[in-house]
Amino acid sequence: MNVGVLALQGAFVEHEAMLRRLGVNVVQVRTPAEFATVERLIIPGGESTVIGQLLATSGLLEPICERGRAGMPIWGTCAGMILLAREITEGRKAGQAQLGLMDITARRNAFGRQIDSFETDLAVPVLGPEPFHAVFIRAPQIDRVGPAAEVLATLPDGRIVAAREGHLLATAFHPELTGDDRFHRLFLTL
Ligand code: GLN
């Protein structure tokens, strides 16, 4: 099985390293031809407006939408989560390219400018009793999940920061920046 990591911009190298540690065959995806060789795709954190623009110019937007709708497992972390979301409540740039595959609403830069990065231990029941050390970098949050989506993690104040909808996974934080590979392993089971 080839797992693709979208490698247009952002934190793709860290995802690649973690997948390799799990013994997975990883392909950096920058072109439709590379995308055609993978069975799963991770969309990394970075800058969602930039990644969106590059998705459009690289010709990847259409094929990712198509295969995502057809059931391909896709995981978006942070900016990747914003790109997966059907709706963006705040900070959507006019004409911003979206995959819009997952029935969630994402709020960009939900944690403000001063405290725009933080780390916290998060309860994620689907991963087991051990908390997950979550790194938030100018992170979005999930304002709404659709009826088919399942909330996987919330902050103590109730904000939703991880969700799953069948074959689609969204995390507002960066599991690839920790030594904990449980989210990567969960993704490989979708
Ligand atoms: N703030 C970024 C955006 O809106 C996301 C940050 C990240 O991916 N770490 O795209």
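This text goes with the structure placed above it.
The present account deals with the structure reproduced in this document.

Calculation rules
Numbering of residues begins from 1 in every chain and follows the order in which that chain's sequence is written. With pLDDT at 70 or above as the cut-off, local features in this predicted model cover only qualifying residues; side-chain atom pairs require 80 or more to be listed or tallied, and sums for whole chains, interfaces and linings still use all residues. To get the side-chain values, all heavy atoms of the structure are used, and hydrogens and water are removed first. When at least one non-hydrogen atom of a residue lies within 4 Å of a molecule or strand, that residue is treated as near it. Any pair of nitrogen or oxygen atoms within 3.5 Å is treated as a polar contact; in protein, a donor-acceptor pairing is required on top of that, and neighbouring residues in sequence qualify only through side-chain atoms on both sides. Accessible surface is estimated by sampling points in the Shrake-Rupley manner with a 1.4 Å probe; for residues, cover comes only from the protein chains shown. Grid spacing is 1 Å over the protein atoms alone, the probe is 1.4 Å, and a cavity is where that probe fits but cannot get out, while a pocket is an open set with protein on both sides within 12 Å along at least five of seven lines and lining residues have an atom within 4 Å of a point. What decides whether a molecule sits in a cavity or pocket is whether more than half of its atoms lie within 2 Å of the grid points. Gly counts as polar in this scheme, as do all residues outside two lists: the nonpolar Ala, Val, Leu, Ile, Met, Phe, Trp, Tyr, Cys and Pro, and the charged Asp, Glu, Lys and Arg. Grid points are joined across faces, edges and corners, and a volume is the space filled by probe spheres set on the points. When the centres of two rings from Phe, Tyr and Trp lie within 6.5 Å, Trp using its six-membered ring, the rings pair. Their planes under 30 degrees apart give stacked, over 60 give edge-to-face, and anything left gives tilted. Helix and strand assignments follow DSSP, with helices taken as H or I runs no shorter than four residues and strands as E runs no shorter than two, numbered in order from the N terminus. Buried residues are those whose accessible area, probed at 1.4 Å on protein chains only, stays under 20% of the maximum for their type, while exposed residues exceed 50% and partly exposed ones sit between those limits. Whether a charge lies above a ring is judged from NZ of Lys or CZ of Arg, which has to be within 6 Å of the ring centre and within 35 degrees of the ring normal.

## Re the site of the ligand
Link 1 in the chain: Taken together, Gly45, Gly46, Glu47, Ser48, Cys78, Ala79, Ile82, Arg108, Asn109, Ile137, Arg138 and His174 are the residues near the ligand.
Link 2 in the chain: Contact distances for the ligand include 2.9 Å between an oxygen atom and a backbone N or O atom of Gly46.
Link 3 in the chain: Between a nitrogen atom of the ligand and a main-chain N or O atom of Ile137, the distance comes to 2.9 Å.
Link 4 in the chain: Relative to its free-state accessible area of 300 Å², the ligand is covered by the protein chains to the extent of 98%.
Link 5 in the chain: More than half of the atoms belonging to the ligand lie within 2 Å of the grid points that define the largest cavity.
Link 6 in the chain: Split into classes, the residues belonging to the shell around the ligand amount to 4 nonpolar, 5 polar and 3 charged.

## A short note on empty space enclosed by the protein
Link 1 in the chain: For the coordinates displayed, the defined rule picks out 1 cavity of 30 Å³ or more.
Link 2 in the chain: Counted as a void, the largest cavity has a volume near 70 Å³.
Link 3 in the chain: If you go around the largest cavity, the residues you meet are Gly46, Glu47, Ser48, Cys78, Ala79, Ile82, Arg108, Asn109, Ile137 and Arg138.
Link 4 in the chain: Looking at the lining of the largest cavity, its residues break down into 4 nonpolar, 3 polar and 3 charged.

## With respect to the packing of aromatic side chains
To describe a pair of aromatic rings, you give the distance between the ring centres and the angle between the ring planes.
Link 1 in the chain: Considering all chains together, one arrives at 9 aromatic pairs under this definition.
Link 2 in the chain: Ring geometry for Phe132 versus Phe173: centroids 6.0 Å apart, planes at 45°, classification tilted. Separated by 41 residues along the polypeptide, Phe132 in strand E8 (residues 132-137) and Phe173 in the loop between strand E12 (168-171) and helix H6 (182-189) bring together distant segments of the chain.
Link 3 in the chain: Accessibility expressed as a relative area gives 0% for Phe132, which makes it buried.
Link 4 in the chain: Aromatic side chains Phe173 and Phe183 sit 5.6 Å apart centroid to centroid with 70° between the ring planes, which places their arrangement in the edge-to-face category. Placement of the pair is Phe173 in the loop between E12 and H6 and Phe183 in helix H6, with a sequence separation of 10 residues. Phe183 shares its class with Phe173; the two are buried.
Link 5 in the chain: We note Arg40 situated over the ring of Phe187; from NZ or CZ to the ring centre the distance is 5.8 Å.
Link 6 in the chain: A cation over a ring is seen here: Arg67 above Phe35, with NZ or CZ 4.9 Å from the ring centre.

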